[in-house]
There are 2 protein chains.
Amino acid sequence: MIRLYELCGDDPELLFSPYCWRIRAVLTHLNLPFESVPVRFTEKETLGFSGQGLVPVLVKDEEVVIDSLQIMAYLDSAVSESDLLGTDVARARALSMDAMISALLRPHLSKLLIPTIFSVIAEKDRGYFRETREKRLGCTLESMPTAEAILPDLAPGFSALNAALAESTYLDGVAPGATDFSVYGLLMWAYTLGFSPWQPYAEVTRWFDDLLAAYESRQGPVKRAVAQ
Amino acid sequence: MIRLYELCGDDPELLFSPYCWRIRAVLTHLNLPFESVPVRFTEKETLGFSGQGLVPVLVKDEEVVIDSLQIMAYLDSAVSESDLLGTDVARARALSMDAMISALLRPHLSKLLIPTIFSVIAEKDRGYFRETREKRLGCTLESMPTAEAILPDLAPGFSALNAALAESTYLDGVAPGATDFSVYGLLMWAYTLGFSPWQPYAEVTRWFDDLLAAYESRQGPVKRAVAQ
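Residues numbered from 1 in each chain as written. Chains lettered and ligands numbered in written order. Predicted model: local features only at pLDDT ≥ 70, side-chain atom pairs only at ≥ 80, totals over all residues. Heavy atoms only, no water.

**Q** Which residues make up the interface of chain A and chain B, and what are the values?
**A** The interface is formed by 30 residues belonging to chain A together with 30 residues belonging to chain B. At the boundary of chain A with chain B, total buried surface from both sides reaches about 2,000 Å², with 71% on carbon and sulfur atoms. Summed over the three residues of chain A that lose the most area to chain B, namely Arg93, Met97 and Met100 of chain A, the buried surface amounts to 35% of that side. Inspection of the chain A/chain B interface yields two salt bridges. Of the charged contacts, one joins Arg93 of chain A and Asp172 of chain B as a salt bridge, the two residues approaching to 2.8 Å between their closest N and O atoms. If you look at where chain A meets chain B, you find twelve residue pairs in polar contact (both at pLDDT 80 or more). (Contact = heavy atoms within 4.5 Å. Buried area = accessible area lost by both parts, 1.4 Å probe. Salt bridge = Lys/Arg side-chain N within 4 Å of Asp/Glu carboxyl O. Polar contact = N/O pair within 3.5 Å; in protein donor to acceptor, adjacent residues only side chain to side chain.)

Following this line, the structure appears as structure tokens:
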């Protein structure tokens, strides 16, 4: 049996961590049943057994694995149906793609989503969240740029994805692979918090809806926050 | 013997086509000797035998291959040392990376470089070049945005590449592959025309200088135009 430790909001069913979504989508895609352990921001002691404080943490047969890409590599080695990252050049390309798309999307999605994250997390998490995010961003949560001001910064990343997805069904070709699930996780971060800023990009929308439908057909509807 | 038909300026030694540079760098990397056939914009009739008018065209043992990615695929199949694109997922990832990085860099590099291209091409090419580029851009060559106005648009692409190259020596891992040569070709377009707009990005600079040094150690110094 697999256990997946995932970040949650005040509502334990509201899961929004991009890195946890990568693994949730991957396990679902591989038809591997798993038990979810929701963890709030200030419940890091729950993860003490993993020797660090970040989600996702995957536990399988006493094996403890952290970090979304390391978990994908572990699944490739431990589960015969799993070939997410591949080897050699295929794997190097997946890691380069992940670094590129993370650089393009993550900082801007983070700015877009932080106010909503603040509103959906547990009361007891808010002090910690406000302090760490205000320090990182160099401004108060109340003085952050508006969604309207942030959206243009997402255009290069979504345009690039759209160009790639105009050429093939998935980023990894005829079936979704590590690259697809890495990007899908980042987009689920926005989606679960009530945003779909890729909607003007037809190929990204087609691809996202396809992966979401595949997930929901197995796991039921995804819980979303209402955008503020 | 291999023949490579390449775009050139008024000076037949000034080669600046990004797609031709991909193949020139690949053939050099693979230690495959080739004869270069320089072609000017209005000398398309030279390419008539290929059934179309675009460079690069590669000819090997009566085989005629067009398009830089198709040429890489052809070399993989015809030359035993060549494994540029790989197969299956590795190949799909290379094509996705190429589409992404092209979307991020190509339109902005094109705007940056067009005035210099106009100044280095043969007199007889200028009417054709002005007409096609002004139509594509919707403005005259004289009313184009300045380099200073264009450079910020290149930042997302170079930042993304920099993030990927901070993680590994080459985009394709421990040795350069199709993805590296695809991006390198795009950057050689700027370099040969006198621009190096990736200089603020330390990892991109390290990687570019490494590929350029490997090329020049075999082929001698690359001819560059003086930036206008």
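From this point, things continue past the structure.
**Q** Could you give an account of unusual backbone geometry, with specific residues and numbers?
**A** Residue Pro56 of chain A follows Val55 of chain A across a cis peptide bond; omega there is 0 degrees. As for its placement among the helices and strands, Pro56 of chain A is situated in the loop between strand E2 (34-39) and strand E3 (57-60). Of note in the backbone geometry, Glu62 of chain A takes a positive phi value of approximately 70 degrees without being a glycine. Assignment of secondary structure puts Glu62 of chain A in the loop between E3 and strand E4 (63-66). For Glu62 of chain A, a relative accessible area of 78% corresponds to the exposed category. Unusually for a residue other than glycine, Asn31 of chain B sits at a positive phi of about 60 degrees. By secondary structure assignment, the location of Asn31 of chain B is in the loop between helix H1 (18-29) and strand E2 (34-39). With a relative accessible area of 56%, Asn31 of chain B lands in the exposed category. (Helix = DSSP H or I, 4+ residues; strand = E, 2+ residues; numbered from the N terminus. Buried < 20%, exposed > 50% of the residue type's maximum accessible area, 1.4 Å probe, protein only.)

**Q** Give me the relation of the copies chain A and chain B: which residues, what numbers.
**A** Its rotation angle being 180 degrees, the transformation that places chain A on chain B also includes 0.0 Å of axial translation and leaves an RMSD of 0.0 Å. Taken together, these values place the two copies in the relation of a two-fold axis. For chain A, the residue whose C-alpha comes nearest the rotation axis is Ala90 of chain A, separated from it by 2.0 Å. By residue overlap, the copies meet face to face through one surface: 100% of the interface positions of chain A are interface positions in chain B. (Least-squares fit on C-alpha atoms with pLDDT ≥ 70 in both.)

**Q** I'd love a proper account of helix H2 (residues 68-78) of chain A, names of residues and values included.
**A** Residue and element names in this part refer to chain A. Among the residues of H2, Ser68, Leu69, Ile71, Met72, Ala73, Tyr74 and Leu75 are the ones counted as buried. At its buried positions, H2 is contacted by helix H1 (18-29), E3, E4, helix H3 (88-120) and helix H6 (178-192). Capping the start of H2 is the job of one residue whose side-chain oxygen sits 3.1 Å from the backbone nitrogen of Leu69: Asp67.

**Q** Give me the packing of aromatic side chains: which residues, what numbers.
**A** Residue and element names in this part refer to chain A. For the coordinates displayed, the defined rule picks out 20 aromatic pairs over all chains. Pairing Phe41 with Tyr128 gives two aromatic rings, centres 6.0 Å apart and planes at 40 degrees, and the pair type is tilted. One end of the pair, Phe41, is in the loop between E2 and E3; the other, Tyr128, is in helix H4 (residues 126-137), with 87 residues separating them in the sequence. Ring geometry for Phe158 versus Trp198: centroids 6.2 Å apart, planes at 65 degrees, classification edge-to-face. In this pair, Phe158 is assigned in helix H5 (residues 147-165) and Trp198 in the loop between H6 and helix H7 (202-219), connecting sequence segments 40 residues apart. Residue class for Phe158 comes out buried when judged on its relative accessible area of 1%. In textbook terms, an aromatic cluster arises when at least three aromatic residues are bridged by ring pairs, as seen for Phe158, Tyr184, Tyr191, Trp198, Tyr201 and Phe208. Positioned above the aromatic ring of Trp21, the side-chain terminus of Arg24 is 5.7 Å from the ring centre. The ring of Phe118 is capped by Arg126, whose NZ or CZ atom sits 5.5 Å from the centre of that ring. (Phe/Tyr/Trp six-rings, centres within 6.5 Å; stacked < 30°, edge-to-face > 60°. Lys NZ or Arg CZ within 6 Å of the ring centre and 35° of its normal.)

**Q** Could you give an account of the nonpolar core, with specific residues and numbers?
**A** Trp207 of chain A together with Trp207 of chain B are the most contacted members of the largest nonpolar core, which totals 152 residues. Setting aside chain neighbours within four positions, we find Trp207 of chain B in contact with Leu165, Thr169, Tyr170, Leu171, Asp180, Val183, Tyr184 and Leu187 of chain B. (Core = buried A, V, L, I, M, F, W, Y, C linked by side-chain atoms within 4.5 Å.)

**Q** How would you sum up the sheet that holds E4 of chain A? Please name residues and give values.
**A** As a general point, the strands of a sheet are linked pairwise by backbone hydrogen bonds and lie either parallel or antiparallel. Residues and elements named next belong to chain A. A sheet is described by the order of its strands in space; here four strands give the open sequence E2-E1-E3-E4, paired in mixed fashion. Pairing within the sheet leaves two strands with one partner each, and these edge strands are E2 and E4. Recorded for the sheet is a direction-independent mean angle of 20 degrees between the axes of neighbouring strands. When strand E1 (residues 2-7) meets E2, the two strands line up parallel, connected through six bridges. If you follow Tyr5 over to E2, its bridge partner there is Val37. Sheet contacts for H1: E1, E2 and E3; angle to E1, the most-contacted strand, approximately 150 degrees. (Pairing = 2+ DSSP bridges. Axes fitted to C-alpha atoms, helices over the stretch in contact; angles between N-to-C directions.)

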